[in-house]
Amino acid sequence: MLTIIIKSLIIGFIGGAALTAGAARMFHTPNSQSMGAFRTLGELNACQGDTMAHFSFGLGFLFNSAAAVVASGALTQDVFHRVIPNFAAAILLVKNKKVEETLYDPFKMGVVGGIIGAIVITFLNTVAFLIPLSLANIAKEILSPAAAMMINPVMPIVFWLAALDAGKITGIWATVLGGLSHMIMGNAVPGIVLGILIGQTIDESGYNKSVKIMITIVIVLFVIIAYFRGFLGKLGL
């Protein structure tokens, strides 16, 4: 037990600090090299610097991750990409609402993310160690699917509302691409995120050459994915 706690504290701090600082660096591209996952950046943006939004977002995935670690004994990617960065952002934003001085600061996010990571990883690993095998089997059959059902319908709605709030052009692009993404991939989030990206770029720069190239790439990607997933075949194409 002591070994698990010590290793969890070390790994949690290192992983939490690195991934959270990397997510914060994403806000500084292209002036500096980014290190985070694109979806983490999109999800942090979707919370719009609201403390409770970041906290509730991370908490939702914490429940999902806890069910997964109890059922399978393995941590999901949500722990480092969603739970820890959003908890870190929520803590920093409590005292200072300026995202430029908190969420966008890799050093501050890294330090807080490391501390949060150590706590979260230790908690999850300890829970997994203490849970009897019989309860783990229950979690595998019931809790994991229930947690997934709680998260999957909520995420697209959060992103879609953020897109609508960003303006008409962004809202339209997010709605169209989100709908296509849901039909083709079974998940609307990638399409909504791409819609937000395209819509915001159009608002800032208009329909310039870069935007047209981006739209072309997105269309090609959707067609390719639709083909290999058999979606075009279902349409008789």
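Residues numbered from 1 in each chain as written. Predicted model: local features only at pLDDT ≥ 70, side-chain atom pairs only at ≥ 80, totals over all residues. Heavy atoms only, no water.

With respect to the overall build of the chain
Secondary structure assignment for the chain yields 11 helices and 0 strands. Listing every helix and strand of the chain by position from the N terminus yields α-α-α-α-α-α-α-α-α-α-α. Within the chain, the fraction of its 237 residues that count as buried is 41%. Sequence-distant contacts in the chain: of pairs separated by 6 or more residues, those separated by 24 or more amount to 69%. (Helix = DSSP H or I, 4+ residues; strand = E, 2+ residues; numbered from the N terminus. Buried < 20%, exposed > 50% of the residue type's maximum accessible area, 1.4 Å probe, protein only. Contact = heavy atoms within 4.5 Å.)

Thoughts on helix H2 (residues 38–46)
Buried within H2 we find Thr40, Leu41, Gly42, Glu43, Leu44 and Ala46. At the C-terminal side of H2, Gln48 shows a positive phi close to 55 degrees.

Overview of the packing of aromatic side chains
A full pass over the atoms with the stated rule returns 4 aromatic pairs. Relative to Tyr104, the ring of Phe27 lies with its centre 4.4 Å away and its plane at 25 degrees, an arrangement referred to as stacked. In this pair, Phe27 sits in the loop between helix H1 (2–25) and H2 while Tyr104 sits in the loop between helix H4 (78–95) and helix H5 (106–130), placing the two residues 77 residues apart along the sequence. Residue classification places Tyr104 among the partly exposed positions, given a relative accessible area of 22%. When the ring of Phe57 is compared with that of Phe61, the centres are 5.2 Å apart and the planes differ by 50 degrees; the resulting orientation is tilted. Linking Phe57 with Phe61, this pair stays in helix H3 (residues 51–72), spanning 4 residues, or about one helical turn. (Phe/Tyr/Trp six-rings, centres within 6.5 Å; stacked < 30°, edge-to-face > 60°.)

A few points about the nonpolar core
Leu103, Met109, Val120, Leu124 and Phe159 are the most contacted members of the largest nonpolar core, which totals 40 residues. Mapped onto this core, the elements with two or more residues apiece are H1, H2, H3, H4, H5, helix H7 (154–165) and helix H9 (189–205). Of all the elements, H4 adds the most residues to this core, at 9 residues. Among the nonpolar cores identified, the runner-up in size contains 10 residues, and Leu177, Ile198, Val218 and Phe222 belong to it. (Core = buried A, V, L, I, M, F, W, Y, C linked by side-chain atoms within 4.5 Å.)

A word on the packing of helix H8 (residues 168–185) against H9
The geometry of H8 relative to H9 is characterised by a closest axis approach of 7 Å and an angle of 155 degrees between their N-to-C directions. Classified by the angle between their axes, H8 and H9 sit roughly antiparallel to one another. Of the two possible hands of crossing, H8 and H9 adopt the one that is right-handed. For the pair H8 and H9, the contacting residues are Ile169, Thr170, Trp173, Ala174, Leu177, Gly178, Ser181 and Met185 in the first and Pro190, Gly191, Ile192, Leu194, Gly195, Ile196, Ile198, Gly199, Gln200, Ile202 and Asp203 in the second. Across the contact of H8 with H9, the residue classes break down as 11 nonpolar, 7 polar and 1 charged. (Axes fitted to C-alpha atoms, helices over the stretch in contact; angles between N-to-C directions. Parallel < 35°, antiparallel > 145°, perpendicular 65-115°, else oblique. Left-handed = near helix turned anticlockwise from the far one by under 90°. Nonpolar A, V, L, I, M, F, W, Y, C, P; charged D, E, K, R; others polar.)

Re H8
Taking 1.5 Å as the rise per residue, H8 with 18 residues should run 26 Å; its terminal C-alpha atoms sit 25 Å apart, in good agreement. Listed in full, the buried residues belonging to H8 are Thr170, Gly171, Ala174, Leu177, Gly178, Ser181 and Ile184. In the segment just after H8, Gly186 is the residue with positive phi, at about 80 degrees. (Expected span 1.5 Å × (residues − 1).)

A few points about the side chain of Thr51
Here Thr51 is to be found in helix H3. For Thr51, a relative accessible area of 13% puts it in the buried group. Polar side-chain contacts of Thr51 include one of 3.5 Å to the backbone oxygen of Leu93. In this structure Thr51 touches Ala90, Leu93, Val94 and Lys97, once residues within four positions along its chain are discounted. (Polar contact = N/O pair within 3.5 Å; in protein donor to acceptor, adjacent residues only side chain to side chain.)

Some words on the confidence of the model for the chain
For the chain, per-residue confidence averages 82 on the pLDDT scale, and 86% of positions sit at 70 or higher. Across the chain, the secondary-structure element scoring lowest on mean pLDDT is helix H6 (residues 133–151), at 61, and the one scoring highest is H4, at 91. (pLDDT = per-residue confidence, 0-100.)

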